Structures are given as C-alpha cells and as structure tokens.
Amino acid sequence: MTLSPTLYDTSSIAPRAALRPDAEPPVKHVCVVGGGTAGWMTALLLANSAYGARLQVTVIESPQVGIIGVGEGSTPWMRGFFEGLGIEEAEWMPACNATYKAGITFDRWSTRPGFERYFHPFGSMLDNLTMNQFVQNVHARLDGADVHAHPDRFFIAHRLANECKAPRPQHSFPFDVWYGYHFDAVLLGAFLHRKAVERGMRHVPRHVVSVRQDERGDITALQLEGEETLAADFFVDCTGFASLLIGKALGTPFVPFADNLFNDAAVAMPTPLDGPIMTQTVSTAMNHGWAWKIPLTERYGNGYVYSNKFCTPDQAETELRAHLGLLDADTPARHLKMRVGRVSHSWNRNCVANGLAQGFIEPLEATALLFVQRTATMLVAALEQGDLGEDAQRRFNDTVNAQFEGTRDYIVSHYKTNSRSDTEYWRANAANTQLSDSLVQLLRTWMAQKPLVPGLKKREFGHAYPIVSWYCLLAGMGVFPDAADLRPPTPKQARYSLAAIDNLIERSAMNYPDHRALLQDIPPRVKEETLQVYMW
C-alpha cells in the first residue's frame, strides 16, 4: 500500500494514449542534443514511450563540453521516474552515492523567536492524521491565539530526518513517506547513460558545429565535427546554458527572473561524512544568500548560492570556507554562474528545450530535475496522442511556463518573508516589490489573517505547490502576530492535544530503519496497489 500524494500540480499532464499495437509515431526520429542528467533522463523517457522501438531516439553528446555536477537533491517525483523505468533503488543508488531525502531544513532564515529554524516535510500517509490540527492551529495563531503552530511537531518526516532514519518503513507498517533523494549528479548522469545504452539507444559522442534549418525555420539536421551530418524529425535541446538549439538557432527569447530572484552564482566544495547520515538537505542563510548541505554516502556536498550584486566570488568562497571550518584547508572550490529564468516558450517549431536550456530557478527547492522529468513526460504524452500542432504546442508552453512562474513565486516567498536585517542583501529581499499578482494576493490573504486553503484549492494563487508547502513555509518563518500581542486560546482553539500528536509520531517513527543501515542493504520496492489518499 503506497501513497500517491499531490505534492505538485499534475492536472495538466495529458494521460498516456491507448495506442494500437501497430500505431506509428507522428515523428520517426527524435534527437536529444546534450547528455548529462537532463539529456539521458529525457532520452530514457522517450525510449520508454508506448511506441517502443518504432520511435528512434539518438543522443548526441559533445566530448568537449563538461557538465555541471555537484551534490544534488531531488523532489519526490524522481522516485516515480525510476519506478516507471523499472530501475530498482538497490541498483542506481549505490552507483550514485545516493541517500534518501525526507525534506529540507531552513536554518537562520528567520530571526523571529521560536522560528529561527524549520523543516519543510515531504508528504506521508500519516500526515492525514495531523495536518488538520496543524492548519487549524495556524489559523488560530493568525487570529491572535497563543497556540503551537510551528510545523516541525506535526509531521513524521521531520522526526525521521532529525533521527537520521530512512523514510522507508518496515513492510509490516504500511504507511508510506513520499521521499526524494540526494545523489552525485555526475555519477547519476553516467548511470543513466549506461542504462540507455544497455536498452539499445543510439549514442553519438560528437560535437555539434552548426544547426541546419529549412525555409520555414524548422531544424532539419546538425552539422557535426568531422563533416558528418545527423538529420532527425524532432529535436530536444539539452545543451545547458549554451542553449544551442532553442536559443542560438531558433532565437527564442529568454525571460530573466533577476528582478525577484537575486542569486546568480554559487561556489561549491565537499567535506567528509562520518557516522550517521541525515535524511535532509540543510539550507542555512548566509550574509548574501544561503548555503546548502547535502549528505551523500561518504561525503557532504556543500555550496553557497549568492548574488554578485552584493558580494564578490572571493568573498563568497571565504564566507563558505569559514562556515565549513575550511579557512586554512586546501580543499578546492568550484565557482558556478547561474542564468535564472526561462525561455519564453520551451516548444518552438520542431524543438523542445529541457534542462538548463529551458530555464533554471535557483536550487532552493531542488526542482531542476522535476522540470526535466515533467517536460519529458509531457513531450511523450504529446507524441503518444499524435498531436504536434499549434494548439498542442500552446498548451505545452502554457503548462511549462505556469510551473516556472509558480515555483519562482514559492521560492521568492522565502526571501520576501525573511526577517533578517544584518546585510543589505536580506533587507533588499524583504523590500522587494517585484512580485507576481498571484503572490501578492496570497501574501495579502495570509497577512489579513484569512485561511489560504480556499484560494489554493480554487487555484486563485499559489500554483505548483500544495497547501502543506505554503503553510509550512509561512508558519515556519514565523509570519504571525508578535508574541507579545497573543492572547490565551479559547477552548475550541486549544482543543488539539500536542501530546497525542507527539505520541503518534514517536511510535510511528519506531517502524523506520536507520538510514545508513538501510543504504547498506536496500530492499526491492514491493509493487502493491496504490492507495489514493487525500493530501492537503
């Protein structure tokens, strides 16, 4: 019995079409340009379409171009990616130094007493027993009642992460946690490459010199180094920030998010990991951005995401080294630049952009591979429906753009609601007025002490993230009336027993194993019927 929670909106993804056994795809040959995690994920999902071998998939990967690879985290939807391809965790996780992820801790983003640190949980079936109490306590505190409304106490994912337990229960305890992963991005790309080749996919390790187009502007072929030409019917641009097809060849405009997401660079370096392995990403607020800490099996991936407008790369590296206790160490640092935003339309003519070529939002919520997975899944659905016309393209682009905008709003909310005032960076984020109408409406609703639930359910605001995420963010940051202004709760407002919630979560957590111990012997996932459980 497994959980299928709606952590992200998937209503716009078309269902897989029921194809005749002899149905022919609307295009015969799809060429994925660029490897890495994005390219190989896309290729594997295309090759796994209902057309099977009738849809030819080729991956061109330049041996001259490296990939951006640091310790990375995923959303829970990556679990579905591997399950859909029939790849067991026991196979891919050890190959990628991967660990389980139950959620994200945000440390020092808020200075409000009692709310300096909070945990954003991934959903679980058990949340259906505690979520209502959390939401009702939040509403009561917004109304001025002195009740407990910090999210950490209400969700089992926080208990598992805090105790370094894996979010996979014993088989005798059928209450699923919808977890994500941490992994080495370079190793993951290499693993997916091997799986694709094993499954008969064509791989061309060549550098693309130029792009050929017909009189209408459609891409017809790629000129490869060495005078070779590769033609295809449809192309997927996974060339990263270079954006060789969607940007340079097709001239698709880029829509920057710099006005409301200030971070545009990062510096990364590893540190050793001994002892227990936590099941959480930790995001710690720094002077000019935030630092990530991601546990792999034998090391931590660390980095500092910051804004060049407020500090230099050298200053960022020095601050990160001080944070990690590496000021006098010779540990090498990698400096990365980020292009935050999206292309105006991901599907342009006979090309779909995916990965960094499509767009990028800073990694605060680890959504990069979610966008890759969703985009590839939507492309497969369009191919299986046999509709590549203008209406299909418009629906596709509207859906992708809405996901980018919704995710941007959610991440902007972390910065907008911060209460730090120690640096100009944090003051500028709190004073930022470049917010979408949707986000303005959501924040006004909260500050007016009104429930968000009706507006979120009606999709009036807060697109792309569920109720639990918005409530954990705003409550976790302590966006409530000042403690001095709170009054004793009424009997109705104080009707929930925190001791009962503690007891439920504490006893439930006993059914989840030590993280490191499970990683040493990962059991196969038992395929059982999915229990559809209503998730907030």
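Residues numbered from 1 in each chain as written. Predicted model: local features only at pLDDT ≥ 70, side-chain atom pairs only at ≥ 80, totals over all residues. Heavy atoms only, no water.

### Focus on the overall build of the protein chain
Working step 1: When helices and strands are tallied, the protein chain shows 16 helices and 24 strands.
Working step 2: Computed over the C-alpha atoms, the radius of gyration of the protein chain is 23 Å, within 12% of the 24 Å expected from 2.2 N^0.38 for a compact globule of 536 residues.
Working step 3: Projecting the C-alpha coordinates of the protein chain onto the three principal axes gives extents of approximately 75 × 50 × 45 Å.
Working step 4: Sorting the 536 residues of the protein chain into buried and exposed places 57% on the buried side.
Working step 5: The contacts of the protein chain with a sequence gap of at least 6 include a subset with a gap of at least 24, amounting to 78%.
Working step 6: Counting every atom, the protein chain has about 21500 Å² of accessible surface; 52% of that belongs to carbon and sulfur.
Working step 7: Across the protein chain, the centroid of the 50 positively charged side chains sits 3 Å from that of the 57 negatively charged ones. (Helix = DSSP H or I, 4+ residues; strand = E, 2+ residues; numbered from the N terminus. Rg over C-alpha atoms; globule rule 2.2 N^0.38 Å. Buried < 20%, exposed > 50% of the residue type's maximum accessible area, 1.4 Å probe, protein only. Contact = heavy atoms within 4.5 Å. Areas by Shrake-Rupley, 256 points an atom, 1.4 Å probe, with all protein chains shown as cover. Lys, Arg positive; Asp, Glu negative; His and termini not counted. Charge placed at Lys NZ, Arg CZ, Asp CG, Glu CD.)

### Quick word on the state of the cysteines
Working step 1: If you walk through the whole model with that rule in mind, you get 0 disulfides.
Working step 2: Cys 238 forms no disulfide, and the closest cysteine sulfur to it belongs to Cys 351, at a distance of 9.1 Å. (Disulfide = S-S within 2.5 Å.)

### Here's the deal with the side chain of His 414
Working step 1: With respect to the secondary-structure elements, His 414 resides in helix α10 (residues 390-416).
Working step 2: Among residues more than four places away in sequence, those in contact with His 414 are Phe 106, Trp 109, Tyr 118, Leu 364, Glu 365, Leu 473 and Met 477.

### Some points on the side chain of Gln 358
Working step 1: Tracing the backbone shows Gln 358 in the loop between β22 (351-353) and β23 (359-360).
Working step 2: Overall, Gln 358 belongs to the buried group, its relative accessible area being 1%.
Working step 3: Here Ser 346 takes part through its side chain, which lies 3.2 Å from a polar atom of the side chain of Gln 358.
Working step 4: Beyond its immediate stretch of four places on either side in the chain, Gln 358 contacts Arg 342, Val 343, Ser 346, Ala 353, Phe 371, Thr 375, Val 400 and Phe 404. (Polar contact = N/O pair within 3.5 Å; in protein donor to acceptor, adjacent residues only side chain to side chain.)

### Concerning the environment of His 29
Working step 1: Position of His 29 relative to the elements: it lies in strand β2 (residues 29-33).
Working step 2: By relative accessible area, which is 9% here, His 29 ends up buried.
Working step 3: The spacing of His 29 and His 323 is 294 residues in sequence and 50 Å in space, taken between C-alpha atoms.
Working step 4: Setting aside chain neighbours within four positions, we find His 29 in contact with Gln 56, Thr 58, Arg 202, Leu 230, Ala 231, Ala 232, Asp 233 and Phe 234.

### Points about the nonpolar core
Working step 1: In this structure, Trp 92, Phe 134 and Tyr 471 are the most contacted members of the largest nonpolar core, which totals 125 residues.
Working step 2: Among the elements that make up this core, the one with the highest residue count is helix α9 (residues 368-385) (9 residues).
Working step 3: Not counting residues up to four positions away in its chain, the partners in contact with Tyr 471 are Phe 134, Val 135, Val 138, His 139, Trp 446, Pro 451, Leu 452, Val 453, Leu 456 and Gly 476.
Working step 4: Listed in part, the 18 residues of the second largest apolar core include Leu 224, Leu 250, Val 343 and Cys 351. (Core = buried A, V, L, I, M, F, W, Y, C linked by side-chain atoms within 4.5 Å.)

### Description of helix α1 (residues 36-47)
Working step 1: A rise of 1.5 Å per residue sets the reference length of α1, with its 12 residues, at 16 Å; its end C-alpha atoms lie 16 Å apart and thus fit the reference within 8%.
Working step 2: α1 sits mainly inside the fold: 11 of its 12 residues count as buried.
Working step 3: Listing the buried residues of α1 in full gives Gly 36, Thr 37, Ala 38, Gly 39, Trp 40, Met 41, Thr 42, Ala 43, Leu 44, Leu 45 and Leu 46. (Expected span 1.5 Å × (residues − 1).)

### Looking at the pairing of strand β13 (residues 234-237)
Working step 1: Of the two faces of β13, the one lined by Phe 234 and Val 236 and the one lined by Phe 235 and Asp 237 are each fully buried.
Working step 2: Here β13 runs beside β22; their pairing, made up of 3 bridges, is parallel. Its bridge partner being in β22, Phe 235 is matched across the sheet by Cys 351. (Pairing = 2+ DSSP bridges.)

### Considering helix α2 (residues 77-85)
Working step 1: Restricting attention to buried positions, one finds in α2 the residues Met 78, Arg 79, Phe 81, Phe 82 and Leu 85. All buried residues of α2 project into a common sector of 155° when viewed along the axis, lining one side.
Working step 2: Positive backbone phi, approximately 70°, marks Gly 86, located one or two places after α2. (Arc of directions from axis to C-beta.)

### A word on the pattern of salt bridges
Working step 1: The tally for this structure, following the rule as stated, stands at 27 salt bridges.
Working step 2: Residue Asp 214 is joined to Arg 216 by a salt bridge in which the shortest nitrogen-to-oxygen separation is 3.4 Å.
Working step 3: Two residues, Arg 342 and Glu 405, come together in a salt bridge whose shortest N-O distance is 2.8 Å. On the criterion of sequence distance, the pair formed by Arg 342 in strand β20 (residues 341-343) and Glu 405 in helix α10 is long-range, its members being 63 residues apart.
Working step 4: Each of Arg 79, Glu 83, Asp 176 and Arg 525 takes part in a single network of salt bridges with overlapping partners. (Salt bridge = Lys/Arg side-chain N within 4 Å of Asp/Glu carboxyl O.)

### Points about the confidence of the model for the protein chain
Working step 1: Across the protein chain, the average pLDDT comes to 92, with 93% of residues at 70 or higher.
Working step 2: Counting interchain partners and residues more than four positions distant, the pLDDT-below-50 stretch residues 1-14 has 55 contacts. (pLDDT = per-residue confidence, 0-100.)

### Some remarks on the packing of aromatic side chains
Working step 1: In the structure shown here, the tally under the stated rule is 31 aromatic pairs.
Working step 2: Ring centres of Tyr 415 and Tyr 425 lie 6.5 Å apart, and the angle between their planes is 85°; this geometry places the pair in the edge-to-face category. With Tyr 415 in helix α10 and Tyr 425 in helix α11 (residues 424-431), the pair connects residues that are 10 residues apart, well separated along the chain. As far as the burial class goes, Tyr 415 and Tyr 425 line up, both buried.
Working step 3: One aromatic cluster in this structure is built from Phe 106, Trp 109, Tyr 118, Phe 262, Phe 310, Tyr 415, Tyr 425 and Trp 426.
Working step 4: Its guanidinium or amino end placed over the ring of Tyr 300, Lys 293 lies 4.4 Å from that ring's centre, counting from NZ or CZ.
Working step 5: The ring of Phe 254 is capped by Arg 339, whose NZ or CZ atom sits 4.0 Å from the centre of that ring. (Phe/Tyr/Trp six-rings, centres within 6.5 Å; stacked < 30°, edge-to-face > 60°. Lys NZ or Arg CZ within 6 Å of the ring centre and 35° of its normal.)

### Considerations on the packing of α1 against α9
Working step 1: Put simply, α1 and α9 touch, their axes get as near as 9 Å, and they point 30° apart. Here α9 runs roughly parallel to α1, going by the angle between their axes. α1 and α9 meet at a crossing whose hand is right-handed. Of the residues in α9, those in contact with Thr 37, Ala 38, Met 41, Thr 42, Leu 45 and Leu 46 of α1 are Leu 369, Val 372, Gln 373, Ala 376, Thr 377, Leu 379, Val 380 and Leu 383.
Working step 2: The class makeup of the residues in the contact of α1 with α9 is 10 nonpolar, 4 polar and no charged. (Axes fitted to C-alpha atoms, helices over the stretch in contact; angles between N-to-C directions. Parallel < 35°, antiparallel > 145°, perpendicular 65-115°, else oblique. Left-handed = near helix turned anticlockwise from the far one by under 90°. Nonpolar A, V, L, I, M, F, W, Y, C, P; charged D, E, K, R; others polar.)

### Considerations on the sheet that holds strand β11 (residues 219-224)
Working step 1: Read from one edge of the open sheet, 3 strands run β10-β11-β12, paired in antiparallel fashion. Here the strands that pair on one side only, and so sit at the sheet edges, are β10 (208-213) and β12 (229-231). Neighbour-to-neighbour, the strand axes of the sheet open up by a mean angle of 25°, direction not taken into account.
Working step 2: Pairing analysis gives 3 bridges linking β11 to β12, with the strands arranged antiparallel. Bridge pairing in β12 places Gln 223 opposite Thr 229.

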